[in-house]
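Notes for the structure review
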Amino acid sequence: MRTPGVYGAYGGRYVPETLIPALDELEAGWRAAVDDQSFAAEIVELGRTFAGRPTPLTRAHSFARDKRLYLKREDLLHTGAHKLNNALGQAVLARRLGKRRIVAETGAGQHGVATATACARFGFECVVYMGAEDMRRQRPNVERMHLLGADVRPVEFGTRTLKEATSEAIRDWIANVDTTHYLIGSSVGPHPYPEIVRELQSVIGQEAREQILAVEERLPDAVVACVGGGSNAIGIFSTFVADQEVRLVGVEAAGAASLGSGRAAVLHGSRSSVLADEDGQIADAHSISAGLDYPGVGPEHAFLRDSGRASYVTATDEEAVAAFRRLARTEGILPALESSHALARVADLDAELVLVCLSGRGDKDLAGVVARGAS
Ligand SMILES: *Cc1c(COP(=O)(O)O)cnc(C)c1O
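What counts as what
- Residues numbered from 1 in each chain as written.
- Predicted model: local features only at pLDDT ≥ 70, side-chain atom pairs only at ≥ 80, totals over all residues.
- Heavy atoms only, no water.
- Helix = DSSP H or I, 4+ residues; strand = E, 2+ residues; numbered from the N terminus.
- Rg over C-alpha atoms; globule rule 2.2 N^0.38 Å.
- Contact = heavy atoms within 4.5 Å.
- Areas by Shrake-Rupley, 256 points an atom, 1.4 Å probe, with all protein chains shown as cover.
- Lys, Arg positive; Asp, Glu negative; His and termini not counted.
- Charge placed at Lys NZ, Arg CZ, Asp CG, Glu CD.
- Near = heavy atom within 4 Å.
- Polar contact = N/O pair within 3.5 Å; in protein donor to acceptor, adjacent residues only side chain to side chain.
- Nonpolar A, V, L, I, M, F, W, Y, C, P; charged D, E, K, R; others polar.

What follows concerns the overall build of the protein. Regarding its fold elements, the protein presents 14 helices and 14 strands. Against the compact-globule benchmark of 21 Å for 375 residues, the protein has a radius of gyration of 19 Å, which places it among compact chains. Considered along the principal axes of its C-alpha atoms, the protein spans approximately 55 × 45 × 45 Å. For the protein, long-range pairs separated by at least 24 residues make up 74% of all intrachain contacts whose partners lie at least 6 apart in sequence. Accessible area of the protein: about 14,700 Å², with a carbon and sulfur share of 50%. Distance between charge centroids for the protein: 3 Å, based on 41 positive and 49 negative side chains.

In the vicinity of the ligand lie 17 residues, with Lys83, Ser186, Gly230, Ser231 and Ser359 positioned nearest. Interatomic distance of 2.9 Å between a side-chain N/O atom of His82 and an oxygen atom of the ligand. At 2.8 Å from an oxygen atom of the ligand is found a main-chain nitrogen or oxygen belonging to Gly228. When the ligand is considered free in solution it has 380 Å² of accessible area, and contact with the protein chains removes 97% of it. Its residues assigned to classes, the shell around the ligand comprises four nonpolar, eleven polar and two charged.

Geometric descriptors of this kind do not, in isolation, establish any biological role.
So this is what it looks like as structure tokens:
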């Protein structure tokens, strides 16, 4: 891509002046890591011996009867979702930068758990900012983070959810930038974060591409992934972007459709498509799925939308719950409610061979699904 960190009209760095040296240092460290064979080798080894890579590709026989559907099983990754790919990779990067204190934000607690896991493994100090309201709603993940040794700090202002937790994590980073790496949880934020997270998640697409070629001897007609901040989607899309015949479909939550109904604005350090009013005031997102409940999205997705290379559609809470129940019954897999949004759009696709990123497992979502009643 042209200027690093610029994706068409999106991306960039919209941060206080004090953070520019830290972002420059991070970018230089990242470039050096990418050029160093031992960085990639360590990540592959951690994936294989700690995280459970490669994850399988599963043929779903009954979920979509008129299609050949394959599921990339990130639900089987250690800690139950794709987020660990990013957390482990950034931990290796932080160590290269000489930083042994990590700050992160978390909404539902999934990224907090992945970060706390990586920090425990690396012996790093771990501080996770979490909205007080989210801490109340996501008690089990708060307990997991505590057990993993993380300091979980409640954020008591605004809506007391992810948006404020992110602002607080950035504030901590600014104050402690010499010792601290900010481990962002999705393909969002100022350059170079969207690129770092995409590359660390591209392992999903690389494996899936090889796996589907091995069984089908051709590329899929469509690749489908749910989109919150956009990291699992960009990770699986990135290895198919050059194949024009492969359709790329992102599925947002209907109440958090930053791409479907957002406008260009700045949020958390970069310009992207954001749920905001005409004055740029950020609107609240609403989704049954905590991982999709964010008013922004990674800048590269906004670019892929504008260029027409990827399309973005939505699924409602009800459609996601129905897809969750259907996958459980037909395939013996409880998907995360986030991933269920992607599954919900499979039936509509005019495509024969479909690859879906099953970004996480659904054990965390049982209460929400059961509360919606049987279908
Ligand atoms: C956090 C999460 C998502 C959404 O994040 P992205 O950055 O858009 O991938 C999707 N699925 C699961 C299981 C998650 O935990």
